[in-house]
Structure formats: structure tokens, C-alpha cells
Amino acid sequence: MPLILLLGKQRSFLVDTNQKTFSFQYGKIDLAKAKIGRKIKSSLGYEFSVVQPTILDLLRKCKRGPQIVTPKDAAQIIAITGVSTGWKCLDLGGGSGFLMMFIGNLTRPKGSVITYEKSKPNSQIIVRNIKFCGLEKTVKVKNKDAAKFTEKNLDLITTDMPDADKLVKKCFAALKPGGWLCSYSPHIEQQIKVRKEMDKLDFVN
């Protein structure tokens, strides 16, 4: 789906360019003339800049199921771990897929993100969101219990699920030397359990 972002002083609009005309409250825009980097006026005289949408623009339009990892929290995970292109990542408890797509956008084109989500409805939401964001080549979802993951030699594992502490030992064995395990949870009790399990192993930082 070829998408563009129309940036205006009033509002911004994410637009599918498969249609010939975009009609909205500010008039109509001939999408054949809406080229990236140009400015274009609507039929009512409102001016918009045509730009390539970022991953954040796309995520704002993605379907939500379970509570998402917000860009603010995802950014902290990335800032601390240094996620970059080529990384091989695993996400346990995919939810709506927002964190994995945020990470997938940084690891492509040579990296990968695989997520495990045991809820079929949630995994279907993730598949839809992956396609919408154009990340099919980088991000994959497995509709399976996270405890059954088999991936090895990973740069990063993120968990956002109940009982994540029970998977810490398996995660440690699946990480490459210097790899990261990041447990995300709004519940401090869950975080304490995960930290205790990490302290039993050779985790640092």
C-alpha cells in the first residue's frame, strides 16, 4: 500500500495513493500530483507538504488490541540497548505488535524480528499491522506460546507477558554474548520477579 503523508498547518493526513483523488474537509487533492517533497494545494486553497510517512505516522493508524508499548517506552529500550540494523531480535508476547515494528524498522533490511503471540485474534492484528507498515520482510509473527520459542544467537529479547520470570533462564541461553534481555511490564511485582531470576545468572547492566 503506497502511502504518503500530507502535512498541513491545520492537520496531517496519511493517504493511500492507490486512489486517484483524496477528498476531505479541506477540499480535494489530485494524488497524481502529490509527489514526495512537493507542496500541493487542495481545491479549497489549503497548502500541504507531501512527505514520506515515518514509522510513528504508520503506527498511529495501526489497529490496537491489547495495551501497546508506547513510543516513549520503546525509545528508552532502543536508547539503552542500541538496537541497530542487522540485529536478530525476539519479542515474547506480541500484543498488538507495536514494539516489534518499532524495533523492526531499525533492524531492516538485514535484521529480523520474530514475535510469539499465543492469542489468535492478537496474532491476526499483528499480521495486519505488519503489512500496513510494510515490514513483511523483516518482522514475522508466530501464533504460539512464547515458552516454546526455539530461536538462538539473538541480539535482543523483549518480553511483555505474564510470568516472564519463568523464561529468563531460557532467554539467557538464547542470547549471543553481549545480547540484551528487556522485560517490559507495568506491574512492579512482575519486574521484581524477573530481576531476581536475572540476578541468578550472568546478566549485567
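Everything that follows concerns the structure shown earlier in this document.
Since this is a predicted model, take the numbers as computed values, not measurements.

(A) Representation of the sheet that holds strand β8 (residues 112–116) within the structure. Reading across from one edge, β9-β8-β7-β10-β11 is the order of the five strands in this open sheet, with parallel pairing throughout. Edge strands, defined here as strands with exactly one partner in the open sheet, are β9 (139–142) and β11 (175–183). Each strand axis lies, on average, 15° off the axis of its neighbour in the sheet, ignoring direction. As judged from the five bridges shared by strand β7 (residues 88–92) and β8, these two strands associate in the parallel manner. Residue L92 lies in a different strand from β8, and its bridge partner there is Y116.

(B) Expanded view of the pairing of strand β4 (residues 27–30). Judged from the four bridges that link them, strand β3 (residues 21–24) and β4 form a sheet pairing that is antiparallel. Following the sheet pairing, S23 is matched in β4 by K28. Hairpin connection from β3 to β4: two residues lie between these consecutive antiparallel strands.

The rules behind each value
Residues numbered from 1 in each chain as written. Predicted model: local features only at pLDDT ≥ 70, side-chain atom pairs only at ≥ 80, totals over all residues. Heavy atoms only, no water. Pairing = 2+ DSSP bridges. Helix = DSSP H or I, 4+ residues; strand = E, 2+ residues; numbered from the N terminus. Axes fitted to C-alpha atoms, helices over the stretch in contact; angles between N-to-C directions.

Remember that the coordinates give geometry; whether it matters functionally is a separate question.
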